[in-house]
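Listed below are the residues making up each chain.
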Amino acid sequence: MESTNLVNVTRGNLIESVHHGHIAVVDAKGNLLYYAGNPEAVVFARSSMKPIQAIPVVETGTADHYGFSDADLSLCCASHNGEKMHTDRVLAILARAGLEDICLKCGTHPPRWEERYKELIREGKEITPLYNNCSGKHTGMLVTAKHLGETLENYYELNHPVQQRILAAVSEMTDYPIEKIEIGIDGCGVPVHGLPLEKIAYGYARLAQPDALPENRRNAVRRVAKAMIIAPEMVGGTDRFCSDFMRIGKGRFIGKVGAEAVYCIGDLETGLGIAIKVEDGNSRAVFPAAVEVLKQLNLVTVEQIEELAEYHRPKLRNARNEVIGELVADFKLQPATSSQV
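Keep in mind it's a predicted model, so treat the numbers as computed, not measured. (Residues numbered from 1 in each chain as written. Predicted model: local features only at pLDDT ≥ 70, side-chain atom pairs only at ≥ 80, totals over all residues. Heavy atoms only, no water.)

A. Seen up close, the overall build of the chain. Scanning the chain from terminus to terminus reveals 15 helices and 12 strands. A compact globule built from 341 residues would reach a C-alpha radius of gyration of about 20 Å, and the chain, at 19 Å, matches this within 12%. A principal-axis box enclosing the C-alpha atoms of the chain has dimensions of 60 × 55 × 35 Å. Residues counted as buried form 57% of the 341 residues belonging to the chain. A fraction of 64% describes how many contacts in the chain between residues 6 or more apart in sequence connect residues 24 or more apart. Looking at the chain as shown, the accessible area adds up to about 14,300 Å², and 48% of this sits on carbon and sulfur atoms. Of note, the chain has its 37 positive side-chain charges centred 2 Å away from the centre of its 44 negative side-chain charges. (Helix = DSSP H or I, 4+ residues; strand = E, 2+ residues; numbered from the N terminus. Rg over C-alpha atoms; globule rule 2.2 N^0.38 Å. Buried < 20%, exposed > 50% of the residue type's maximum accessible area, 1.4 Å probe, protein only. Contact = heavy atoms within 4.5 Å. Areas by Shrake-Rupley, 256 points an atom, 1.4 Å probe, with all protein chains shown as cover. Lys, Arg positive; Asp, Glu negative; His and termini not counted. Charge placed at Lys NZ, Arg CZ, Asp CG, Glu CD.)

B. Representation of the environment of glutamate 307 within the structure. Position of glutamate 307 relative to the elements: it lies in helix 14 (residues 302-307). For the pair glutamate 307 and phenylalanine 253, spaced 54 residues apart in sequence, the C-alpha to C-alpha distance is 15 Å.

C. Highlighting the pairing of strand 11 (residues 323-329). Strand 11 sits mainly inside the fold: five of its seven residues count as buried. Inspection of the sheet shows strand 1 (residues 4-11) paired to strand 11 by three bridges, in the antiparallel sense. Within strand 11, the residue paired with valine 7 across the bridge is alanine 329. Where strand 10 (residues 315-317) meets strand 11, three bridges bridge the pair, whose relative direction is antiparallel. (Pairing = 2+ DSSP bridges.)

D. Molecular detail of the side chain of arginine 217. Tracing the sequence through the fold places arginine 217 in helix 10 (residues 215-230). Contacts of arginine 217, omitting those with residues within four sequence positions, involve Ile55, Glu59, Ala169, Glu172 and Met173.

E. Broad picture of the sheet that holds strand 5 (residues 182-185). On the basis of which strands lie adjacent, the open sheet formed by three strands has the order 4-6-5 and antiparallel pairing. Since the sheet does not close on itself, it has two edges, and those belong to strand 4 (42-44) and strand 5, each with one partner. Each adjacent strand pair in this sheet contributes to an overall mean axis angle of 30 degrees, direction not counted. Sheet topology note: the strand 4/strand 6 (residues 191-196) ladder contains three bridges and is antiparallel. (Axes fitted to C-alpha atoms, helices over the stretch in contact; angles between N-to-C directions.)

F. Broad picture of helix 10. For helix 10, with 16 residues, the first-to-last C-alpha span of 22 Å sits near the 22 Å given by 1.5 Å per residue. When we look at burial in helix 10, the residues that qualify are Arg217, Ala220, Val221, Val224, Ala225, Ala227, Met228 and Ile229. (Expected span 1.5 Å × (residues − 1).)

G. Quick look at the packing of aromatic side chains. Applying the stated criterion across every chain yields a total of eight aromatic pairs. Both rings, one in tyrosine 155 and one in tyrosine 156, keep their centres 6.0 Å apart while their planes meet at 85 degrees; by these two values the pair is edge-to-face. Residue tyrosine 155 is classed as buried on the basis of its relative accessible area, which comes to 0%. The interplanar angle of 0 degrees and the centroid separation of 5.4 Å between the aromatic rings of phenylalanine 241 and phenylalanine 245 together place this pair among those described as stacked. Placement of both phenylalanine 241 and phenylalanine 245 in helix 12 (residues 241-249) is noted, with a separation of four residues, approximately one turn of the helix. Of the residues examined, phenylalanine 245 reaches a relative accessible area of 1% and is grouped as buried. A network of ring pairs unites the aromatic residues Phe241, Phe245, Phe253, Tyr263, Phe287 and Tyr311 as a single cluster. (Phe/Tyr/Trp six-rings, centres within 6.5 Å; stacked < 30°, edge-to-face > 60°.)

That's the geometry; what it means functionally is another story.
This is the structure:
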């Protein structure tokens, strides 16, 4: 099955560009219900896998040992802006474990929040791994290794116990054999997992509705989901879709973006999992697609769609700040046939 048109980019009266991709909607039993494009397409989940990567932080007792709050655990699921609220929390978690930010192996890039970047420049401060959008995830991995007495220098490598536990959790949550998971290296240096899109969606369905999981896993999943919902500002930050979406969802949804235009959603009310991949990797198209999926499935109200309008139909502006076009979702979810379920 080939990809399908997901989002049109307009300029004046013309469609100037088109973003193709794939969507899978799966229930908590693993049944494919709706799709667009190819739900079996194998894609790297990228940072959309972070809520599953955070599960061992709870299951190993690390979160309890170091007194993790909901906001702390939510930060472990984050691709954050590098705002002060994020970096201060990373430092606080590391301090409780007797560690410093130089121990983080995620590499460096400027904070995504422009105002924070400007502050660092004015203050003459160095950009360190602390400001990497994945520093929360790496903090969870690092303190888990510390708690279990494992080596700290190579916690990010595939053969390290930290990554092996994560790999097992990914396999178990998505019901996909470990040996079939494609392994690459993510932007922050840790292993990244490639699976069929519908299996990624299944993982999110189980994050949203973990009732059928073993007790220890069930409790850990519920704790991770609760943390994201209670502290959505930790997952992204100011003017970020993940944070705004979960806030507007009022406790019903978890959502997480992944690089190269991946987005995943779990609906705690219905147990549905949704996974989206825009084929060209352009993230500008993934949020219109995400809101449109929710709209077509009648999972959000008219009022919520209006609150998410800047993500659903974002306007394009020129250098004079004039509106010259917009992004418009252009697909219809197809019901899965009995042979696909």
